[in-house]
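Commentary on secondary and tertiary structure
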Amino acid sequence: MSKFYEKYWLNNKDSRLGDFNLKWPKLKKCIPLEKGMAIVDFGCGNGQIIQEMKKINPQAEYIGLDVSGTALKSAEAILPDCKFYKIEDGGKFPLNDNSADFIFSSEVIEHIYDTENAFAEISRILKPGGKLLLTTPYHGFIKNLLITLFAFNKHFNPTGAHIRFFTKKTLFGLLNKNNFKVLNYGYYGRFWPFSHSIFVLVEKI
């Protein structure tokens, strides 16, 4: 997995997130404002979202996690005051138990093989009462039916980067299994039931 994303980021070192304008107007409202918080971006890439979060809460401590060392070098170059760690799919995050106040992860979990480990690690490092803001491409019955009829090969391209496909039920099921309580959720991009993605804000209980 890491080799795939090293290759991707070698070719896209300074790329902007293609869905940024779709999601950020909604997601930025969920970024906490408390001073001194430890905020983790799981799947931080080249640090674009951390840059945006720093504009909202410049007095938080920011930590970026990613599988690509190339992406992390780009992030470190523009965010020298933040901490960055390379991780592996299925591995333990290099952070202590109950050490994060808030975790952000957008359009990441659909790229992960070991999703059970990822959710368990997110829960482990998040403090009780801490919050997770997560997004992933939306898959619902009507949208899935249209994909199957008209765009199956394109959407489920075996050479594509997406290897997991979440419905609201399966996403919420994993969150509940890992001691998260849903506080809010919604959609962005196009319109429901054809939305691009689902976002969910949860609290560790």
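Above: the structure in question.
Here the structure is a predicted model, which is why all the values come from computation and not from measurement.

Considering the sheet that holds strand β3 (residues 83–86)
The 7 strands are arranged β3-β2-β1-β4-β5-β7-β6 in an open sheet whose pairing can be described as mixed. Only two strands of the sheet have a single neighbouring strand rather than two, namely β3 and β6 (180–188). Taken over all neighbouring pairs, the strand axes of this sheet differ in orientation by 15° on average, direction set aside. Two elements, strand β2 (residues 61–66) and β3, share 4 bridges in a ladder whose sense is parallel. Pairing of leucine 65 across the sheet is with tyrosine 85, part of β3.

As for the pattern of salt bridges
Inspection of every chain in the model, using the stated rule, returns 11 salt bridges. Across the pair glutamate 203 and lysine 131 runs a salt bridge, and its minimum N-O distance is 3.7 Å. Placement of the pair is glutamate 203 in strand β7 (residues 197–204) and lysine 131 in strand β5 (residues 126–137), with a sequence separation of 72 residues. Overall, the relative accessible area of 19% leaves glutamate 203 in the buried class. Taken together, the salt bridges that share partners define one network made up of Asp97, Glu121 and Arg124.

So, unusual backbone geometry
Here the residue pair tryptophan 192 and proline 193 is connected by a cis peptide bond, since its omega of 10° sits within 30 degrees of zero. Tracing the sequence through the fold places proline 193 in the loop between β6 and β7.

Examining the packing of helix α5 (residues 115–125) against helix α8 (residues 168–177)
How two helices sit against one another is set out by the angle between their axes and by the gap between those axes. Where α5 meets α8, the axes come as close as 9 Å, and the angle between the chain directions of the two elements is 50°. Comparing their axes, α8 and α5 come out oblique. Note on packing geometry: the crossing formed by α5 with α8 is right-handed. Mapping the contact onto sequence places Thr115, Glu116 and Phe119 in α5 and Leu171, Leu174, Leu175 and Lys177 in α8. Taken together, the residues of the contact of α5 with α8 break down into 4 nonpolar, 1 polar and 2 charged.

Some points on α8
The α-helix advances 3.6 residues per turn, and as a result positions three or four apart in sequence lie on the same side. For α8, the set of buried residues is Leu171, Phe172, Leu174 and Leu175. Angular distribution of buried residues about the axis of α8 spans 155°; they occupy a single face of the element. For α8, the exposed residues lying more than 90 degrees away from the buried face are Lys169 and Lys177. Looking at the buried positions of α8, the neighbouring elements they touch are α5, β5, β6 and β7.

Some details on the packing of aromatic side chains
The final tally for this structure, using the stated rule, is 11 aromatic pairs. With a centroid separation of 6.2 Å and an interplanar angle of 70°, the aromatic rings of tryptophan 24 and phenylalanine 104 are classed as edge-to-face. Taken together, the positions of tryptophan 24 in helix α2 (residues 20–27) and phenylalanine 104 in strand β4 (residues 100–106) put the pair 80 residues apart, joining distant regions of the chain. Note on tryptophan 24: relative accessible area 6%, which makes it buried. For phenylalanine 104, a relative accessible area of 1% gives the class buried. The interplanar angle of 90° and the centroid separation of 5.4 Å between the aromatic rings of phenylalanine 191 and phenylalanine 194 together place this pair among those described as edge-to-face. The exposure class assigned to phenylalanine 194 is partly exposed, which follows from its relative accessible area of 27%. A cation over an aromatic ring shows up here: arginine 16 above the ring of phenylalanine 20, its NZ or CZ 5.8 Å from the ring centre.

What counts and what doesn't
- Residues numbered from 1 in each chain as written.
- Predicted model: local features only at pLDDT ≥ 70, side-chain atom pairs only at ≥ 80, totals over all residues.
- Heavy atoms only, no water.
- Pairing = 2+ DSSP bridges.
- Helix = DSSP H or I, 4+ residues; strand = E, 2+ residues; numbered from the N terminus.
- Axes fitted to C-alpha atoms, helices over the stretch in contact; angles between N-to-C directions.
- Salt bridge = Lys/Arg side-chain N within 4 Å of Asp/Glu carboxyl O.
- Buried < 20%, exposed > 50% of the residue type's maximum accessible area, 1.4 Å probe, protein only.
- Parallel < 35°, antiparallel > 145°, perpendicular 65-115°, else oblique.
- Left-handed = near helix turned anticlockwise from the far one by under 90°.
- Contact = heavy atoms within 4.5 Å.
- Nonpolar A, V, L, I, M, F, W, Y, C, P; charged D, E, K, R; others polar.
- Arc of directions from axis to C-beta.
- Phe/Tyr/Trp six-rings, centres within 6.5 Å; stacked < 30°, edge-to-face > 60°.
- Lys NZ or Arg CZ within 6 Å of the ring centre and 35° of its normal.

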